[in-house]
Amino acid sequence: MPESTPAIVQRMHTLHALIFDVDGTLADTERDGHRPAFNHAFADLGLDWHWDETLYGQLLAITGGKERIRHYAERHATDIAARPEFEVLVRDLHAAKTRHYLRLVESASLPLRPGVAALIQHARQRGLRLAIATTTTPENVTALLHATLGPDAPGWFDVIGAGDIVPNKKPAPDIYRWVLDRLALPAENCLAIEDSANGLRAAQAAGLRCLVTPNDYTASEDFSGAWQVLADLREVDLDAIAAPTISILANISG
Ligand code: XBP
Ligand code: MG
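Model, not experiment: these values are computed from the prediction.

*Asks:* Honestly, the overall build of the protein chain in this entry has me stumped. Any pointers?
*Replies:* The helix and strand tally for the protein chain stands at ten helices and eight strands. The principal-axis extents of the C-alpha atoms in the protein chain amount to approximately 80 × 40 × 30 Å. Each of the 254 residues in the protein chain was classed as buried or not, and the buried ones make up 52%. Within the protein chain, counting contacts between residues at least 6 apart in sequence, those at least 24 apart form 68% of the total. As presented, the protein chain carries roughly 11,800 Å² of accessible surface, and 51% of it is formed by carbon and sulfur atoms.

See below:
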């Protein structure tokens, strides 16, 4: 063999876990769930704020409900944002909103998106581990899983990473790194499933391949670098996803 034949160093990766985003991925929760819950909370606390579908779509650029309230007030209600007790108001608004959202979820008015339940069941049958990495409040996750997949469903997920458990929300990678750490798995053995550019960026920054299933609010976003972009999870070929992949680590000249 010629002296300078490069040795190709390869590494096989097998899929061990699926890491699901929640809002917009598991279910279309934003327009008809979180948005009316915010509006009910504004009314409860005597504010004349109203987030219609168009405005809410713009506000979704800001992840995290408390962060979204703060962002809105600092631009559209500066007098209120300037109050010394503004942070107390944000906390009270978000607590009220979460109560309204949980009632909506528990009324089973937010179904899973197509293909989600089947993929979760198929992944469990194949012995893949499941996890959640979301910006939303933890009790919103368990309530949605309970309402759509039954009381045992939260226990199917080895790790549920949600909300304020990390300092920086998506598109920062914090929540995905937190979940990978608790799964005790390297990123290359996992696949993230997202609906938005913020979520894709967070997964990418954590070194994860990311499958994107856009929804009405995110359809026009930039999904550059996504591993796959599918209309919904009915199109997922789990056999293809779970097949070992090879990455070329280096070409080392002899
Ligand atoms: C979506 C979000 C969340 C929800 C509102 O989370 O950004 O903030 O819009 O939920 P993801 P909270 O797509 O990561 O699931 O009010 O509880 O934050
Ligand atoms: Mg999402």
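*Asks:* Is there a simple way to think about the pairing of strand 2 (residues 17-20) in this case?
*Replies:* For a regular strand, side-chain orientation follows a simple rule: the groups alternate between the two sheet faces. By the alternation rule, side chains of strand 2 split into A17 and I19 and L18 and F20, which are all buried. Bridge count between strand 2 and strand 3 (residues 129-134): four bridges; the pairing is parallel. When the bridges of strand 3 are listed, F20 appears paired with I132. Sheet topology places strand 2 next to strand 5 (residues 190-194); four bridges connect them, and they run parallel. In the sheet register, A17 faces strand 5, and the bridge partner there is C190.

*Asks:* It is not clear to me how the side chain of K169 should be interpreted in this structure. Could you clarify?
*Replies:* Here K169 is to be found in the loop between strand 4 (159-162) and helix 8 (174-183). In contact with K169, other than residues within four places in its own chain, are T63, G64, K66, E67, T135, G163 and D164.

*Asks:* Just checking my understanding: could you explain the nonpolar core for this structure?
*Replies:* In terms of nonpolar packing, the biggest core is built from 37 residues, with L18, F20 and L26 touching the most fellow members. Broken down by secondary-structure element, the contributors of at least two residues to this core are strand 2, helix 5 (86-106), helix 6 (116-125), strand 3, helix 7 (138-149), strand 5 and helix 10 (238-242). With residues near it in sequence (within four places) discarded, F20 still touches L26, L119, I120, L130, A131, I132, A133, F157, I193 and L233. Counting residues in hydrophobic clusters, the runner-up holds 26 residues, among them L180, A202, A203 and F223.

*Asks:* Looking at this model, I keep getting lost on the pairing of strand 6 (residues 209-212). Mind explaining?
*Replies:* Side chains of strand 6 alternate between two faces, with R209 and L211 and C210 and V212 buried alike. Direction of pairing for strand 5 relative to strand 6: parallel, over a ladder of four bridges. In the sheet register, A192 faces strand 6, and the bridge partner there is C210. Remark: the strand 5/helix 9 (residues 197-205)/strand 6 crossover connection has right-handed handedness. Here two bridges tie strand 6 to strand 7 (residues 228-229), and the two strands are oriented parallel to one another. Bridge assignment links V212 to a residue of strand 7, and that residue is V229.

*Asks:* Explain the coordination of the magnesium ion (ligand 2) here, please?
*Replies:* Metal coordination angles in their ideal form are 109.5 degrees for the four-donor tetrahedron and 90 or 180 degrees for the six-donor octahedron. For the magnesium ion (ligand 2), the full set of protein donor atoms is D21 (OD), D23 (O) and D195 (OD), at a range of 2.1 to 2.3 Å. Considered as a linear motif, the donors of the magnesium ion (ligand 2) on their single chain read D-x1-D-x171-D. In this pair, D23 is assigned in the loop between strand 2 and helix 1 (30-44) and D195 in the loop between strand 5 and helix 9, connecting sequence segments 172 residues apart. What makes D23 buried here is its relative accessible area of 11%.

*Asks:* Help me understand the packing of aromatic side chains, please; the structure alone is not making it clear to me.
*Replies:* Given two aromatic rings, one states the distance between the centres and the angle between the planes to describe the pair. Taken as a whole, this structure holds ten aromatic pairs when the rule is applied. Centre to centre, the rings of F38 and W51 are 4.8 Å apart; their planes meet at 45°, and the pair counts as tilted. You can see F38 sitting in helix 1 and its partner W51 sitting in the loop between helix 1 and helix 2 (53-59), a full 13 residues away along the chain. Relative accessible area serves as the criterion here: at 0%, F38 is assigned to the buried category. Each member of the aromatic cluster is reached from another via a ring pair, and the members are F38, F42, W49, W51, Y56, Y72 and Y217. Between the NZ or CZ atom of R209 and the centre of the ring of W227, over which it lies, the distance is 4.8 Å.

What counts, and at which threshold
Residues numbered from 1 in each chain as written. Chains lettered and ligands numbered in written order. Predicted model: local features only at pLDDT ≥ 70, side-chain atom pairs only at ≥ 80, totals over all residues. Heavy atoms only, no water. Helix = DSSP H or I, 4+ residues; strand = E, 2+ residues; numbered from the N terminus. Buried < 20%, exposed > 50% of the residue type's maximum accessible area, 1.4 Å probe, protein only. Contact = heavy atoms within 4.5 Å. Areas by Shrake-Rupley, 256 points an atom, 1.4 Å probe, with all protein chains shown as cover. Pairing = 2+ DSSP bridges. Core = buried A, V, L, I, M, F, W, Y, C linked by side-chain atoms within 4.5 Å. Right-handed = clockwise from strand over helix to strand, strands pointing away. Donors = N, O, S within 2.8 Å, 3.2 Å for Na, K, Ca; no water. Phe/Tyr/Trp six-rings, centres within 6.5 Å; stacked < 30°, edge-to-face > 60°. Lys NZ or Arg CZ within 6 Å of the ring centre and 35° of its normal.

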